[in-house]
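# Structure at a glance
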Amino acid sequence: MEGLSTRHLLGIKDLKEQDIQLIFETSDNFKQIINRSIKKVPSLRDVTIANIFFENSTRTRISFELAEKRLSADIVNFSASSSSVSKGETLIDTVNNILAMKVDMVVMRHPAPGACIFLAKNVKSQIINAGDGTHEHPTQALLDAYSIREKLGGLAGKKILIVGDILHSRVALSNILCLKKLGAEVKVCGPPTLIPKFISTLGATVEYDLKKALAWCDVANMLRIQHERQDFKYFPSLREYSMQYGLTLDVLKAIGKEIVIMHPGPINRGVEITSEVADSGQAIILEQVENGVAVRMAVLYLLAAQVES
Ligand code: CP
């Protein structure tokens with residue numbers, strides 16, 4: 001395969017299995033590079049990228065920015081709170097003004113599901129989705145799958161559990177799509193009110209009992225409760241949620257086998273995962289963050305090769 005089959009990265013839905021494998025192989029090379037003493041390559045020297053964030057972010061924003069800098073791209077950072085969006089400018093006008101300054105690619109995070117698809121249809125630029133509301137977070141899913149591949153040697157046939165607020169999670173949706181394309185088995189676990197009714201159509205199964213679900217899996221990806229996207233109470237209290245779905249060392253020991261623990265961040269320590277588990281040798285949470293830079297370098301590099309294709 002020569003390059004990616006898509007011009008934008010709007011969601012995992014649009015990627016073929018070969019695209020994902022190409023991103024992983026390219027990430028392997030970039031991971032070696034970012035672990036050298038000279039971490040920078042000239043690959044995107046004449047490319048200008050705008051990072052447009054309409055929603056808070058620590059990991060994704062810094063990871064994209066570092067990936068761009070390691071590739072020698074020129075970058076501009078835009079946050080909605082300090083921009084003319086607060087004076088009533090539309091998304092299309094805002095982005096077209098940025099593009100008029102000869103920007104080549106746009107990385108966008110937005111609270112509205114589908115905002116990146118809308119933008120890709122209405123502006124002349126390559127768009128990379130850095131998380132759009134409850135819809136997709138494709139680079140998070142790619143770095144998660146890449147981290148499992150690195151830890152377990154592959155994805156095919158592996159049993160991956162996703163625990164928590166599946167209903168409001170773009171990470172869960174993108175992860176399920178990505179893992180299924182790579183031949184993994186996926187199960188979700190959480191309170192019935194936080195599991196969407198359509199989950200089986202994605203090929204994922206459901207288990208409401210955390211201990212049974214953990215006993216089944218090779219990897220458990222713990223998600224936080226997305227309070228910012230919840231319009232009413234989905235469970236009685238955080239304490240009750242934590243007692244039923246929080247991952248503690250005692251629960252982990254009781255399953256009688258070693259599993260890999262993941263979390264996309266930000267972590268709410270003591271709610272979905274205790275500090276003892278998050279900081280244990282079984283957790284690969286910081287490896288996920290490290291891999292995020294290499295995977296985003298690969299995505300940017302491969303998409304840049306698709307300009308005007
Ligand atoms: N995992 C993730 O998207 O984290 P941020 O919200 O900090 O970018």
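Residues numbered from 1 in each chain as written. Predicted model: local features only at pLDDT ≥ 70, side-chain atom pairs only at ≥ 80, totals over all residues. Heavy atoms only, no water.

## Digging into the site of the ligand
Within the structure, the ligand sits among Ser57, Thr58, Arg59, Thr60, Arg109, His137, Gln140, Pro264 and Gly265. In this structure, arginine 109 approaches the ligand through a side-chain N or O atom, which is 2.9 Å from an oxygen atom. Glycine 265 is positioned such that a nitrogen or oxygen atom in its backbone is 3.3 Å from a nitrogen atom of the ligand. Split into classes, the residues belonging to the shell around the ligand amount to 1 nonpolar, 6 polar and 2 charged. Residue assignment places the shell around the ligand across two domains, with domain 1 (12-136 + 289-308) and domain 2 (138-284) each supplying three or more. (Near = heavy atom within 4 Å. Polar contact = N/O pair within 3.5 Å; in protein donor to acceptor, adjacent residues only side chain to side chain. Nonpolar A, V, L, I, M, F, W, Y, C, P; charged D, E, K, R; others polar. Domains from an automatic or database assignment.)

## Examining the sheet that holds strand S6 (residues 185-189)
Taken together, the 5 strands give an open sheet; going across it, the order is S7-S6-S5-S8-S9, and neighbouring strands pair in parallel fashion. With one partner strand each, in any of the chains shown, strand S7 (205-206) and strand S9 (260-262) form the two edges of the open sheet. Sheet topology places S6 next to S7; 2 bridges connect them, and they run parallel. Along S7, the bridge assignment pairs lysine 187 with threonine 205. (Pairing = 2+ DSSP bridges. Helix = DSSP H or I, 4+ residues; strand = E, 2+ residues; numbered from the N terminus.)

## Some points on the nonpolar core
Within soluble globular proteins, side chains that are nonpolar tend to cluster in buried spots. Among the nonpolar cores identified, the biggest contains 62 residues, and Ile23, Leu142 and Leu300 are the most heavily contacted of them. Of all the elements, helix H11 (residues 285-304) adds the most residues to this core, at 10 residues. Residues from two domains meet in this core; each of domain 1 (12-136 + 289-308) and domain 2 (138-284) gives at least three. Excluding anything up to four places from it in sequence, leucine 300 contacts Leu44, Ile49, Phe64, Ala67, Glu68, Leu71, Met105, Val107 and Ile128. (Core = buried A, V, L, I, M, F, W, Y, C linked by side-chain atoms within 4.5 Å. Buried < 20%, exposed > 50% of the residue type's maximum accessible area, 1.4 Å probe, protein only. Contact = heavy atoms within 4.5 Å.)

## Considerations on the sheet that holds strand S4 (residues 126-132)
Read from one edge of the open sheet, 4 strands run S2-S1-S3-S4, paired in parallel fashion. Only two strands of the sheet have a single partner each, and these edge strands are strand S2 (74-79) and S4. Strand-to-strand twist in this sheet, taken as the mean axis angle between neighbours without regard to direction, amounts to 15 degrees. Both strand S1 (residues 48-53) and S2 contribute to a ladder of 6 bridges, which runs parallel. Bridge pairing links alanine 50 to valine 76 in S2. Packing of helix H4 (residues 115-122) onto the sheet brings it into contact with strand S3 (105-110) and S4, and relative to S4 it is tilted by some 165 degrees. (Axes fitted to C-alpha atoms, helices over the stretch in contact; angles between N-to-C directions.)

## Side note on the domain arrangement of the protein chain
Domain boundaries in the protein chain define domain 1 (12-136 + 289-308) and domain 2 (138-284). Taken over C-alpha atoms, the centre of domain 1 sits 26 Å from the centre of domain 2. Counting residues at the interface gives 29 residues for domain 1, matched by 24 residues for domain 2. Here domain 1 meets domain 2 over a buried area of about 2,400 Å², counting both sides, of which 61% is carbon and sulfur. Taken together, domain 1 and domain 2 are joined by 3 salt bridges. For the salt bridge of aspartate 28 with arginine 149, the shortest nitrogen-to-oxygen distance reads 2.9 Å. Counting residues per element, the ones that place at least two in the side of domain 1 that touches domain 2 are helix H1 (17-34), helix H2 (59-70), S3, S4 and H11. For the side of domain 1 that touches domain 2, the element with the highest residue contribution is H1, accounting for 9 residues. (Buried area = accessible area lost by both parts, 1.4 Å probe. Salt bridge = Lys/Arg side-chain N within 4 Å of Asp/Glu carboxyl O.)

## A few points about the packing of aromatic side chains
This structure, assessed with the given rule, holds 5 aromatic pairs. On the numbers, 5.6 Å between centres and 65 degrees between planes, the contact of phenylalanine 24 with tyrosine 146 is edge-to-face. One end of the pair, phenylalanine 24, is in helix H1; the other, tyrosine 146, is in helix H5 (residues 138-152), and 122 residues separate them in sequence. No difference in accessibility class separates phenylalanine 24 from tyrosine 146, as the two residues are buried. Among the aromatic side chains, those forming a connected cluster through ring pairs are Phe235, Tyr241 and Tyr245. (Phe/Tyr/Trp six-rings, centres within 6.5 Å; stacked < 30°, edge-to-face > 60°.)

## Details of helix H8 (residues 238-245)
Of the residues making up H8, those classed as buried are Tyr241, Ser242 and Tyr245. Projected onto a plane normal to the axis of H8, the buried residues spread over an arc of 95 degrees and lie on a single side. Exposed and facing more than 90 degrees away from the buried side of H8 are Arg239 and Met243. Where H8 is buried, its residues meet strand S5 (159-163), S6, helix H7 (210-216) and strand S8 (219-222). (Arc of directions from axis to C-beta.)

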